[in-house]
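Coordinate inspection notes
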Amino acid sequence: MKIDLTDTTSGDINKALVQGRRAIGTPAVGMVLTLVIVTDEENAYDALKAANDASREHPSRTLVVIKRVSRTPRDRTTSRLDAEVRVGADAGTGETVVLRLHGEVVDHADSVVLPLLLPDAPVVVWWPVNAPVDPAKDPLGALAQRRVTDTHAAEQPVRELSARAEAYTPGDTDLSWTRITPWRSMLAAALDQVTCEVSGVEVEGEEFNPSCELLAMWLADRLDVPVRRSLSSGPGLTAVRIDTTCGPIVLDRADGSLATLSIEGQPARAVALKRRETAELIAEELRRLDPDDTYASALRYGVERLNTVPEPAVAVPEPVEEAAKAPTKKAAAKTAKKAPARKAAAK
């Protein structure tokens, strides 16, 4: 069921939601959270489709905020709010409200969204594109417990990672990080099967792919070894090679679907490692709303520290007095070593 409202208010939208629920025979509100999607007209359809698919696992009230561009000076000074209310089969397993903001109200989207939030339920804000530099300080981001961005949609994804690290606030997350969850699980399981020491890592993938950089930073942060970032034609992440004292561990995915895991001394095995759709990524992020400390630690490691080799430790010269005593200590040590031999000869 769809209800179109032109030049409306948040109060009228709430009334339309109640009217829609009664019309389809479900007056009770069974949603577990409010998902706010901030996007543009070009990306609204794909984002809303992904949210509807994710709502099968997480029934939610989805608010799609679309900030319309004003073409003339007169339009910029005229505020108008248009809404489309969807309930029932048209909104997945929850409720959907598409909000189109015109004029000055574009700068006050939080005042429109606030009356539409579900009471006593967590709020998640998702920017599929054009995310703010500091999501926590954004007026809409300030309303949320969880703020989801996607550095893959940025013009300069690798530089965007550095900006995200500087502005990180507990509750921030990135779909580029969510994309590598299966890789992290597979590599952690592989390392659990060996008792060797890791000496180095190589991560291979597309250039300017933030997921590749995040995986490399996570490995460098957790293993405390040099990590080299190499390039391939993709798609996305293609391989990870971990050098250990017992031989290499290689996770290779050349086709973006099926990967091969090779561990020294064990037969190679095929593992499913397909590239996931946006709906699966959003559904995963909605499963936990607490801060992701592992993501924060990997993000703060820094892209610029990849492809670097730690400097060797510099020997500290001994003080003059200690150096003078050194020959005496060495002579005493030699005497102590010879003593047992003399006792044996005496016996």
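Remember, predicted model here, so these are calculated numbers, not experimental data.

A look at unusual backbone geometry
In this structure, Asp-7 takes a positive phi of about 50 degrees despite not being glycine. If you trace the backbone, Asp-7 turns up in the loop between β1 (2-5) and α1 (10-23). Phi at Asp-120 takes a positive value of approximately 55 degrees, unusual for a residue other than glycine. Inspection of the secondary structure puts Asp-120 in the loop between α4 (109-113) and β6 (123-126).

Considerations on helix α9 (residues 278-285)
Three or four residues apart is the spacing at which side chains of an α-helix point the same way, because the helix has 3.6 residues per turn. A large share of α9 lies buried, amounting to six of its eight residues. Among the residues making up α9, those that are buried are Ala-279, Leu-281, Ile-282, Ala-283, Glu-284 and Glu-285. The secondary structure elements touched by the buried residues of α9 are α2 (41-54), β6, β7 (146-149), β8 (172-174), α6 (175-178) and α7 (181-192).

Section: the pairing of strand β4 (residues 80-87)
Of all eight residues in β4, seven are buried, a share of seventy percent or more. Bridge analysis of β1 against β4 gives four bridges, and the strand direction is antiparallel. Counted as the bridge partner of Asp-4 is Glu-84 from β4. Bridging between β4 and strand β5 (residues 95-102) involves eight bridges; their strand directions are antiparallel. Residue Arg-80 lies in a different strand from β5, and its bridge partner there is His-102.

A word on the packing of helix α8 (residues 210-223) against helix α10 (residues 293-301)
Relative orientation of the contacting elements α8 and α10 amounts to 95 degrees, with a least axis distance of 8 Å. In terms of orientation, α8 lies roughly perpendicular with respect to α10. When α8 is examined against α10, the residues Leu-214, Met-217, Trp-218, Ala-220, Asp-221 and Arg-222 are found in contact with a partner set consisting of Thr-294, Tyr-295, Ser-297, Ala-298, Leu-299 and Tyr-301. Split by residue class, the contact of α8 with α10 holds eight nonpolar, two polar and two charged.

Examining the pattern of salt bridges
Inspection of the entire model under this criterion finds 20 salt bridges. Between Glu-285 and Arg-146 there is a salt bridge, and its shortest N-O distance comes to 3.0 Å. Within this pair, whereas Glu-285 is found in helix α9, its partner Arg-146 is found in strand β7, the two being separated by 139 residues in sequence. The exposure classification of Glu-285 matches that of Arg-146, with both residues buried. One salt bridge connects Glu-213 with Arg-229, and the closest N-O pair in it is separated by 3.0 Å. Here Glu-213, found in helix α8, pairs with Arg-229, found in strand β10 (residues 227-231); they are 16 residues apart in sequence, far enough to count as distant.

Examining the side chain of Thr-149
Along the polypeptide, Thr-149 turns up in strand β7. Looking at Thr-149, its side chain comes within polar contact range of the side chain of Arg-164, at 3.4 Å. The contacts of Thr-149, once residues within four sequence positions are left out, are Trp-127, Ala-131, Pro-135, Arg-164, Thr-173, Asp-174 and Leu-175.

A few points about the packing of α7 against α8
Relative orientation of the contacting elements α7 and α8 amounts to 35 degrees, with a least axis distance of 11 Å. Our pair here, α7 against α8, has a crossing hand that is right-handed. For the pair α7 and α8, the contacting residues are Trp-183, Arg-184, Leu-187 and Leu-191 in the first and Leu-215, Trp-218, Leu-219 and Leu-223 in the second. Taken together, the residues that form the contact of α7 with α8 break down as seven nonpolar, no polar and one charged.

Basis of the calculations
- Residues numbered from 1 in each chain as written.
- Predicted model: local features only at pLDDT ≥ 70, side-chain atom pairs only at ≥ 80, totals over all residues.
- Heavy atoms only, no water.
- Helix = DSSP H or I, 4+ residues; strand = E, 2+ residues; numbered from the N terminus.
- Buried < 20%, exposed > 50% of the residue type's maximum accessible area, 1.4 Å probe, protein only.
- Contact = heavy atoms within 4.5 Å.
- Pairing = 2+ DSSP bridges.
- Axes fitted to C-alpha atoms, helices over the stretch in contact; angles between N-to-C directions.
- Parallel < 35°, antiparallel > 145°, perpendicular 65-115°, else oblique.
- Nonpolar A, V, L, I, M, F, W, Y, C, P; charged D, E, K, R; others polar.
- Salt bridge = Lys/Arg side-chain N within 4 Å of Asp/Glu carboxyl O.
- Polar contact = N/O pair within 3.5 Å; in protein donor to acceptor, adjacent residues only side chain to side chain.
- Left-handed = near helix turned anticlockwise from the far one by under 90°.

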